[in-house]
4 protein chains.
Amino acid sequence: MRNSFGQAVTVTLFGESHGAAVGAVLDGMAPGLAVDETFIAGRMALRRAAGQISTARQEEDRVRLLSGVYRGHTTGTPITFLIENQNTRSSDYEATAALARPGHADFTAREKYHGYADPRGGGHFSGRLTAGLVAAGALCLSALSGRGIAVGTHVARCAGIDDRPFAEDPRDEIAALSDRAFAVLDRAAGERMQQAILAAKAEGDSVGGVLETAVTGLPAGVGEPWFDTLEGVLAHALFSVPAVKGVEFGDGFALADLRGSVANDPFRMRAGQVVCESNRAGGILGGISTGMPLRIRTAVKPTPSIYKEQRTVDLDRRSDATLTVKGRHDPAVVHRARAVVDAVTALCLCDLLAQRFGTDWLAGKEAVCSTD
Amino acid sequence: MRNSFGQAVTVTLFGESHGAAVGAVLDGMAPGLAVDETFIAGRMALRRAAGQISTARQEEDRVRLLSGVYRGHTTGTPITFLIENQNTRSSDYEATAALARPGHADFTAREKYHGYADPRGGGHFSGRLTAGLVAAGALCLSALSGRGIAVGTHVARCAGIDDRPFAEDPRDEIAALSDRAFAVLDRAAGERMQQAILAAKAEGDSVGGVLETAVTGLPAGVGEPWFDTLEGVLAHALFSVPAVKGVEFGDGFALADLRGSVANDPFRMRAGQVVCESNRAGGILGGISTGMPLRIRTAVKPTPSIYKEQRTVDLDRRSDATLTVKGRHDPAVVHRARAVVDAVTALCLCDLLAQRFGTDWLAGKEAVCSTD
Amino acid sequence: MRNSFGQAVTVTLFGESHGAAVGAVLDGMAPGLAVDETFIAGRMALRRAAGQISTARQEEDRVRLLSGVYRGHTTGTPITFLIENQNTRSSDYEATAALARPGHADFTAREKYHGYADPRGGGHFSGRLTAGLVAAGALCLSALSGRGIAVGTHVARCAGIDDRPFAEDPRDEIAALSDRAFAVLDRAAGERMQQAILAAKAEGDSVGGVLETAVTGLPAGVGEPWFDTLEGVLAHALFSVPAVKGVEFGDGFALADLRGSVANDPFRMRAGQVVCESNRAGGILGGISTGMPLRIRTAVKPTPSIYKEQRTVDLDRRSDATLTVKGRHDPAVVHRARAVVDAVTALCLCDLLAQRFGTDWLAGKEAVCSTD
Amino acid sequence: MRNSFGQAVTVTLFGESHGAAVGAVLDGMAPGLAVDETFIAGRMALRRAAGQISTARQEEDRVRLLSGVYRGHTTGTPITFLIENQNTRSSDYEATAALARPGHADFTAREKYHGYADPRGGGHFSGRLTAGLVAAGALCLSALSGRGIAVGTHVARCAGIDDRPFAEDPRDEIAALSDRAFAVLDRAAGERMQQAILAAKAEGDSVGGVLETAVTGLPAGVGEPWFDTLEGVLAHALFSVPAVKGVEFGDGFALADLRGSVANDPFRMRAGQVVCESNRAGGILGGISTGMPLRIRTAVKPTPSIYKEQRTVDLDRRSDATLTVKGRHDPAVVHRARAVVDAVTALCLCDLLAQRFGTDWLAGKEAVCSTD
């Protein structure tokens, strides 16, 4: 399956940047979950471009719930999130439509779709598609929250500037992040990052960064030993977030340089629970959750749309060419990608939990056991 | 689905480290592919423990082809690879079976399987299960080779020592790696790595590393814009390789620190083909292959089985405890994981190519067009 | 996956009878297929209620193509078909909303969704959801037609009255059926069926029937020996058509009474092609197409919504009750189901063909081989 | 996926009739289920050929459990059932290997696999593959039994002779069938059927029949409204049973001739439970279980291997030919197919229940709630 993900809880994405609409169908969510449209709108706002550091294309991103919600609750049937496109300026793309923008999917789309893909604003490849993901993910975040599971992401690094990492117990930090437009733990670092973004913008250039995600409250025992490992499922989905080129769990690549005696997290009993004294494994052993917080880091490349002149080729005639990109673009997307990473993480966890504990578990224990 | 992966070409893993056998069922491979048992045995040898730097458990790893092969060719029906276990010494595990080995899946397996999992030698979680993957992957490597696609992996880093990276055009290096037991491009670096492994072993400790994989000859246009991105599918499978904690494509995490003007690979015409002047994207844009070589880096944590005393808990009574691991273990697995990474990469590519071009494409163009 | 079907070509259904809209997302269709909105509207008209023999709820069923179509062709990305609901009269359902309508899904929906499902007009279970199927199926029918594959269905039996069966070569009959609102081969039989439907309606009752489907031009070699047999995949999807309670292929249940010497279809050479002298197998042997026409029969139960008083229970208090259904209902659906059966059959075939020959095959041979 | 079925509980079939072995991998079964090898052997015996009415090829069909079982219980990891082939006489097939046996898959296999399929004894298409299904299904039947769910099948019709149908409450009849080699409810009818089989055999011919299956104890609320309807999932799998050409639920095709007022099953309260007064729907409404017994009928065509001379074609040269089948074949398979239908039904139900209630539900309520 192409534009769908998940087994028990499934999301299907559709739409084009300058088409009629973008959206998502979320299927398999338990019936009876309260649907908080204000919360969904809040998540959309976190994803939305805003201020000097983002694109001048400003969309209201109103989410219309076309199906699967009745009297404020999920029905258990597919939930359709529709976001109509409004602020499109396709003319920006006409001058350069025949050229392959470096770092973009124009060339690979041509190879795959033989010239039939909608090229306006990146079409189906546009980061705008993540609006549907964020809307669907908002519902997943709510559902997880109802079971005591929290997900949060901050900009751990941007333009070479580091935020401080999540604390060993990141619950308060996750809560604090939930309404920060530019999500950092250290606000001073965040200021410096935004200055760096503006500096790049001033040069017609762009910057990248790294997102750190934490999940608390996830029960132990979720994930599979082979293929559907917790890492594998999350990474699969995270690489759908545009511009992501690396994913690591726990200490990730840094583990490669450690010795086993340092890398292994010792187990200890604490208040009747098994915990790890350190969490270099990022809450996952053998592909399965340990009950410790998940720790995930995601590398986001710099926005490929820059205003500097670039060397490229002509898609049709396949001759060398020179390109100067027009249109309205972000000098950085890492801070916006944060809402998408939260959404994708929540989608994966809802799916794995529904597989593990059944379709109704997210709606509470009673629902599960009433059938027994 | 749990222990299966793939859509058009699927692999299912089964077995336990000290059970009767391990193996794999590979389904969806085109009919008419020549099956070279010597080549399969060679790939098994690359995965197998050997010499001072590996575990003392030495298995012959003879692969029995139970189904799906007739007169030396694939039939198009499921191919079963069976590897019987021989050199098992389960008594090594009895003394410590009640304790959760740090860095291992003992604790998460208990949470997931409620104490019913086979604990001997790690049971179904054992790296021994990768024997089935390597056998199935060998057939995939052969099939890809028949279509001009080459896959190769080297130990890019081990115990803090770097091998040199793949060249821009890695075809010769891939060919040279194919029969190297300790796969490095710079043999001197390889010697230093092996010394470091032995040094760790002498201290009852272990080391990790990073693998770099390259793929040449992959056509442009393979992969999907959302979810089944080329990165997502490969990463999903690579995180099944035991001990892998990070995956990156092209310049990966390093891209996060670059500006767009540096990160974007310029396109150029060369001999009538569109190529990229640099390959920081690792051969993938918008989730789809560009036709440039794939470049993948995989972080492998140090082997969790060390001989030093470790703090842990008792699985049954859940009290604190002290563990000294027995059994026969590897002071490093990164050099053995290399054959598994090749296998997993080949499996993913066969699957994606069969989805793109149909079930018979891997067996050659004629087969495809005879139906037309 | 719940409300989705297919592997290479996938359809996802969403919506509720009295909600904002119903629709479908069709993914995996080859890029470059011409999209004929007039043809889609025509298929919608065949499904739509019309005249005395159908429900008084008349919907315009205008299909809005929200995504995946650009300049009149498929782009290769997900195609969203949206049909907004207009003529809803939910008040009809209020009086009886607390009662389980016999033969309907009210009771099973309550057991599954714990009372959260939208009950208005059957909600997500409504036959209205098939509007999305028919819209998506229309595109599939067009695509198949482009490769010389024709699909047609007629009312083979209704209220005990038989139409004549398809001829051995049903190509002309399929063509003739394409614009018949009440699809029969023998118009006189069709008149008698419609009289019988009106007679049942006059008594506040309903009737059922049997649909016969034929497919011509399907290449031999499509389908799998186990599980994804051509019969299994088609039956899986056909049982989604509301009210379907039986599916048979070729002579189906009648084969059970034959001897092998009669049941076996002899093979013969004709004009260089292998054909079957008879076609009792319905074009399928070993789960795989023979190249002969497919022959499928589908049993449709009488509409459960009747106006006679019925014995039932109260959904909430679970006491016995008496129900007299209100609302606007069909005295028969078999003639409308015909368009749905065509759609579902076309969806399955597009999926299986894309699996077999690759994603671009439906768009023509050139597309496939350009990648080679 | 080709030779696999199921989402939460999955079965993968492999092997060829005259290859080394046939078998199955069953994945996703709850850990902690007792594995009763005697029961498995008993189910194998029901499937096995026996006596005058079956093939002269007699296989011991010893099932080797290669993985996934430890100390008599399921581990929760993949369970491999291996049945080695012993009594093969491939020479029987050599004389006629170049001809397409009518009613068999020889011709379609050639079209699909281009001549590479193992032709001996039907290869991968052989009914012998069902040995793996029956072994895996035996474990599923045990698991269902532990949750109070019983599955049973009898020969409802054979060679035109009817057995009596299941009673409204078929629990005792299911129990009585469990060890009957020729499964009928009316032994006298069974005798007549067996005489008819022998009569056909004496003429070198074969007969077919119809199987009726009942399931009791299935909770209400299992199945999906679209696509993964209970009927759709069961039919999908049942059409994998070789020779099956029709599947109907409840009154099936007979419902097409009824009026709604007769076809609708009235609901009533009985002992605090909602029941249906009749069960024409076969325990399924809107694709979802009602809690009433499931009733399924499956049409099995006569064995295609007959000893009479038949008209056919030469697979290689594609000329007309005359075939007289050799080898050892069954004059009827319907009585043997009964064990396969039970197995397939049990596999589907385990899968749907695990999807609905989570992976551990089949092993008992405690396991589920321990995680809460």
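Not measured: the values here are computed from a predicted model.

1. Some details on the overall build of chain A
Logical step 1: On a plain count of helices and strands, chain A comes out with 10 helices and 18 strands.
Logical step 2: Its C-alpha atoms give chain A a radius of gyration of 21 Å, within 12% of the compact-globule value 21 Å for 372 residues.
Logical step 3: Projected onto the principal axes, the alpha-carbon positions of chain A cover approximately 65 × 50 × 35 Å.
Logical step 4: In chain A, buried positions account for 70% of the 372 residues.
Logical step 5: The contacts in chain A between residues at least 6 apart in sequence include a share of 71% that link residues at least 24 apart.
Logical step 6: Surface accessibility of chain A: about 11,100 Å² in total, with carbon and sulfur atoms responsible for 48%.
Logical step 7: Placing the 40 positive and 43 negative side-chain charges of chain A at their respective mean positions leaves the two points 2 Å apart.

2. Here we look at the interface of chain B and chain A
Logical step 1: Contacts between chain B and chain A engage 106 residues on the former and 106 residues on the latter.
Logical step 2: Summed over both sides, the interface of chain B with chain A buries roughly 8,600 Å², with 58% coming from carbon and sulfur.
Logical step 3: There are 12 salt bridges connecting chain B and chain A.
Logical step 4: Relative to strand E11 (residues 244–249) of chain B, strand E11 (residues 244–249) of chain A runs antiparallel, the two being bridged by three bridges. When the bridges of E11(B) are listed, Val247(A) appears paired with Val247(B).

3. Observations concerning the pairing of strand E2 (residues 10–15) of chain A
Residue and element names in this part refer to chain A.
Logical step 1: Of all six residues in E2, six are buried; the element is thus mostly enclosed.
Logical step 2: Residues Thr10, Thr12 and Phe14 of E2 are buried on one face, and the alternating residues Val11, Leu13 and Gly15, pointing to the opposite face, are buried as well.
Logical step 3: Across two bridges, the pairing between strand E1 (residues 4–5) and E2 is antiparallel. Each bridged residue has a counterpart across the sheet, and for Ser4 the counterpart in E2 is Thr12.
Logical step 4: Where E1 hands over to E2, the hairpin turn is made up of four residues, of which Gly6 adopts a positive phi near 105 degrees.
Logical step 5: In the sheet, E2 pairs with strand E3 (residues 21–27) via six bridges, with the strands oriented antiparallel. Residue pairing for E3: Val11 is matched across the bridge by Leu26.

4. A closer look at the packing of aromatic side chains
Logical step 1: Going through the model one piece at a time under the given rule, you end up with 22 aromatic pairs over all chains.
Logical step 2: Judged by centre distance (5.1 Å) and plane angle (85 degrees), the rings of Phe239(A) and Phe249(B) are edge-to-face. One end of the pair, Phe239(A), is in the loop between helix H7 (230–238) and E11; the other, Phe249(B), is in strand E11, on a second chain.
Logical step 3: On the accessibility criterion, Phe249(B) (0% relative accessible area) is buried.
Logical step 4: Geometry around Trp361(C) places Arg147(C) over its ring, the cationic atom sitting 4.0 Å from the centre.

5. Details of the sheet that holds strand E2 (residues 10–15) of chain B
Residue and element names in this part refer to chain B.
Logical step 1: Spatially, the five strands line up as an open sheet ordered E1-E2-E3-E7-E4, and their pairing is antiparallel. A single partner strand is all that each edge strand has here, and the edge strands are strand E1 (4–5) and strand E4 (64–67).
Logical step 2: Looking at chain direction, E4 and strand E7 (residues 79–84) are connected through three bridges and run antiparallel. When the bridges of E7 are listed, Ser67 appears paired with Thr80.

6. A few points about the environment of Ile174(D)
Logical step 1: As for its position among the elements, Ile174(D) is in helix H5 (residues 171–177).
Logical step 2: Setting aside residues up to four positions removed in sequence, Ile174(D) forms contacts with Ala150(D), Val151(D), Gly152(D), Phe166(D), Ala214(D) and Thr216(D).

7. Considerations on helix H6 (residues 187–202) of chain C
Residues and elements named next belong to chain C.
Logical step 1: Taking 1.5 Å of rise per residue, the 16 residues of H6 would be expected to cover 22 Å, and the 23 Å separating its terminal C-alpha atoms lies within 8% of that figure.
Logical step 2: Considered for burial, the residues of H6 that qualify are Ala189, Gly190, Met193, Ala196, Ile197 and Ala200. Buried residues of H6, seen end-on, are gathered within an arc of 120 degrees and therefore sit on one face of the element. Facing away from the buried surface of H6 by more than 90 degrees, the exposed residues are Arg187 and Ala202.
Logical step 3: Contacts made by the buried residues of H6 are with strand E8 (150–158), strand E9 (161–162) and helix H9 (334–357).
Logical step 4: The opening residue of H6 is Asp186, an N-cap whose side-chain oxygen sits 3.0 Å from the backbone nitrogen of Ala188.
Logical step 5: At the C-terminal side of H6, Gly204 shows a positive phi close to 70 degrees.

8. Regarding the relation of the copies chain B and chain A
Between the two chain copies there is a screw-like relation: a rotation about an axis and a shift along it.
Logical step 1: Its rotation angle being 180 degrees, the transformation that places chain B on chain A also includes 0.0 Å of axial translation and leaves an RMSD of 0.0 Å. What the superposition gives is, in effect, a two-fold axis relating one chain to the other. Distance from the rotation axis, computed per C-alpha, reaches its smallest value in chain B at His236(B): 2.5 Å.

9. Observations regarding the sheet that holds E11(A)
Logical step 1: Strands sit in the order E9(A)-E8(A)-E10(A)-E16(A)-E11(A)-E11(B)-E16(B)-E10(B)-E8(B)-E9(B) across an open sheet of 10 strands; the sheet is antiparallel. Since the sheet does not close on itself, it has two edges, and those belong to strand E9 (161–162) of chain A together with strand E9 (161–162) of chain B, each with one partner.
Logical step 2: Relative to the sheet, helix H7 (residues 230–238) of chain B contacts E11 of chain A together with E11 and strand E16 (294–300) of chain B, its axis offset from that of E11(B) by approximately 160 degrees.

10. Focus: the environment of His236(A)
Logical step 1: One can find His236(A) in helix H7.
Logical step 2: Once the C-alpha coordinates of His236(A) and Phe5(A) are considered, the two residues, 231 residues apart in sequence, prove to be 9.2 Å apart.
Logical step 3: Apart from the residues within four sequence positions on either side, His236(A) is in contact with Phe5(A), Phe227(B), Asp228(B), Gly232(B), Val233(B) and His236(B).

11. Thoughts on the environment of Gly272(C)
All names here are of chain C.
Logical step 1: Residue placement: Gly272 occurs in the loop between strand E12 (267–270) and strand E13 (273–276).
Logical step 2: Looking at Gly272, the relative accessible area reads 56%, which means it is exposed.
Logical step 3: Taking the C-alpha atoms as reference points, Gly272 and Thr290, separated by 18 residues in sequence, lie 15 Å from one another.

12. Quick look at the confidence of the model for chain A
Any region with low pLDDT has predicted coordinates that should not be read closely.
All names here are of chain A.
Logical step 1: Of the residues in chain A, 94% have a pLDDT of 70 or more, and the chain-wide mean is 93.
Logical step 2: For residues 366–372, every residue scores under 50 in pLDDT, and the model assigns this stretch 14 contacts once sequence neighbours within four places are set aside.
Logical step 3: Note on the complex model: pTM 0.97, ipTM 0.96.

13. A short note on the pairing of strand E13 (residues 273–276) of chain D
Residues and elements named next belong to chain D.
Logical step 1: Here four bridges tie strand E12 (residues 267–270) to E13, and the two strands are oriented antiparallel to one another. Within E13, the residue paired with Met269 across the bridge is Val274.
Logical step 2: Where E12 hands over to E13, the hairpin turn is made up of two residues, of which Ala271 adopts a positive phi near 50 degrees.

14. Details of the pattern of salt bridges
Logical step 1: Under the defined criterion, the tally for this structure stands at 96 salt bridges over all chains.
Logical step 2: Residue Asp316(B) is joined to Arg110(B) by a salt bridge in which the shortest nitrogen-to-oxygen separation is 2.8 Å. Taken together, the residues span a long stretch of sequence, with Asp316(B) in the loop between strand E17 (310–313) and strand E18 (320–323) and Arg110(B) in helix H3 (residues 106–113) at a distance of 206 residues.
Logical step 3: Residue class for Asp316(B) comes out exposed when judged on its relative accessible area of 55%.
Logical step 4: With a relative accessible area of 24%, Arg110(B) lands in the partly exposed category.
Logical step 5: Residues Arg64(C) and Glu84(C) are paired through a salt bridge, measuring 3.7 Å at the closest nitrogen-oxygen approach. Residue Arg64(C) is located in strand E4 (residues 64–67), and its partner Glu84(C) is located in strand E7 (residues 79–84); the two are separated by 20 residues in the primary sequence.
Logical step 6: You can call Arg64(C) partly exposed: its relative accessible area is 23%.
Logical step 7: With relative accessibility at 28%, the residue Glu84(C) sits in the partly exposed group.
Logical step 8: Ionic contacts of the salt-bridge type, sharing partners, join the residues Arg47(A), Arg48(A), Asp61(A) and Arg128(A) into one network.

15. Some details on the packing of helix H1 (residues 37–47) of chain C against H9(C)
Residue and element names in this part refer to chain C.
Logical step 1: Between H1 and H9, the least distance of the axes is 7 Å, while the angle of their chain directions is 140 degrees. Relative to H9, H1 is oriented oblique. For the pair formed by H1 and H9, the contact residues are Arg43, Leu46 and Arg47 on the first element and Arg336, Arg338, Ala339, Val340 and Asp342 on the second.
Logical step 2: For the contact of H1 with H9, the per-class residue count stands at three nonpolar, no polar and five charged.

16. Overview of unusual backbone geometry
Logical step 1: Of note in the backbone geometry, Phe227(B) takes a positive phi value of approximately 70 degrees without being a glycine.
Logical step 2: Topologically, Phe227(B) is positioned in the loop between strand E10 (209–216) and H7.

17. What to know about the packing of helix H1 (residues 37–47) of chain D against helix H4 (residues 130–146) of chain D
Residues and elements named next belong to chain D.
Logical step 1: Across the interface, H1 lies against H4 with an axial gap of 9 Å and an inter-helix angle of 135 degrees. By the angle between their axes, H1 is oblique relative to H4. The interaxial crossing formed by H1 with H4 has right-handed handedness. Contact residues: Phe39, Ile40, Arg43, Met44 and Arg47 in H1; Thr130, Ala131, Val134, Ala135, Ala138, Leu141 and Ser142 in H4.

About the thresholds
- Residue numbers run consecutively from 1 along every chain, following the written order of its sequence.
- Labels are handed out in written order, letters beginning with A for the chains and numbers beginning with 1 for the ligands.
- Under the rules for a predicted model, residues below a pLDDT of 70 receive no local features and side-chain atom pairs below 80 are neither given nor counted, while totals for whole chains, interfaces and linings still include all residues.
- Side-chain measures here rest on the full set of heavy atoms in the structure, leaving out hydrogens and waters.
- Secondary structure follows DSSP: runs of H or I at least 4 residues long count as helices, runs of E at least 2 residues long count as strands, and numbering of each begins at the N terminus.
- Radius of gyration here is computed from C-alpha atoms only, and the compact-globule reference equals 2.2 Å multiplied by the residue count raised to the power 0.38.
- The buried label goes to any residue with under 20% of its type's maximum accessible area, the exposed label to any with over 50%, and the partly exposed label to all in between, with areas taken from a 1.4 Å probe on protein chains only.
- Only heavy atoms matter for contacts: two residues are in contact if any of them lie within 4.5 Å across the pair.
- To be clear on the numbers: accessible area is Shrake-Rupley with a 1.4 Å probe, and residue cover counts the displayed protein chains and nothing else.
- Under this rule, positive means Lys or Arg and negative means Asp or Glu; His and the chain ends count for nothing.
- Charge placement uses NZ in Lys and CZ in Arg. For Asp and Glu, CG and CD serve respectively.
- Joining two parts hides part of their accessible area as seen by a 1.4 Å probe, and the buried area is that hidden amount summed over both.
- Each reported salt bridge corresponds to a side-chain nitrogen of Lys or Arg within 4 Å of a carboxyl oxygen of Asp or Glu.
- Only when DSSP finds a minimum of two bridges between them are two strands counted as paired.
- By convention, a stacked pair of Phe, Tyr or Trp rings (six-membered ring in the case of Trp) has centres within 6.5 Å and planes under 30 degrees apart, an edge-to-face pair has planes over 60 apart, and any other such pair is tilted.
- Any Lys NZ or Arg CZ found within 6 Å of a ring centre and within 35 degrees of that ring's normal is scored as a charge over the ring.
- Between the first and last residue of a helix there are one fewer steps than residues, each counted as 1.5 Å, and that sum is the expected span.
- What the arc measures is the spread of directions leading from the helix axis to the C-beta atoms.
- Counting of polar contacts relies on pairs of N or O atoms within 3.5 Å, with two restrictions inside protein: one atom must be capable of donating a hydrogen and the other of accepting it, and residues adjacent in sequence are counted only when both atoms are side-chain atoms.
- The fit set for superposing copies consists of C-alpha atoms from residues with pLDDT of at least 70 in both; the fit itself is least squares.
- Comment: axis = line fitted to C-alpha atoms, over the contacting stretch for helices; angle = value between 0 and 180 degrees taken between N-to-C directions.
- Residue-level confidence of the predictor is summarised by pLDDT, bounded by 0 at the bottom and 100 at the top.
- Here is the rule for angles: anything less than 35 degrees is roughly parallel, anything more than 145 is roughly antiparallel, 65 through 115 is roughly perpendicular, and the remaining ranges are oblique.
- Residues are sorted three ways: Asp, Glu, Lys and Arg are charged, Ala, Val, Leu, Ile, Met, Phe, Trp, Tyr, Cys and Pro are nonpolar, and all the rest, Gly among them, are polar.
- Two helices cross in a left-handed way if the nearer one is turned anticlockwise from the farther one by less than a right angle. They cross in a right-handed way if the turn is clockwise.

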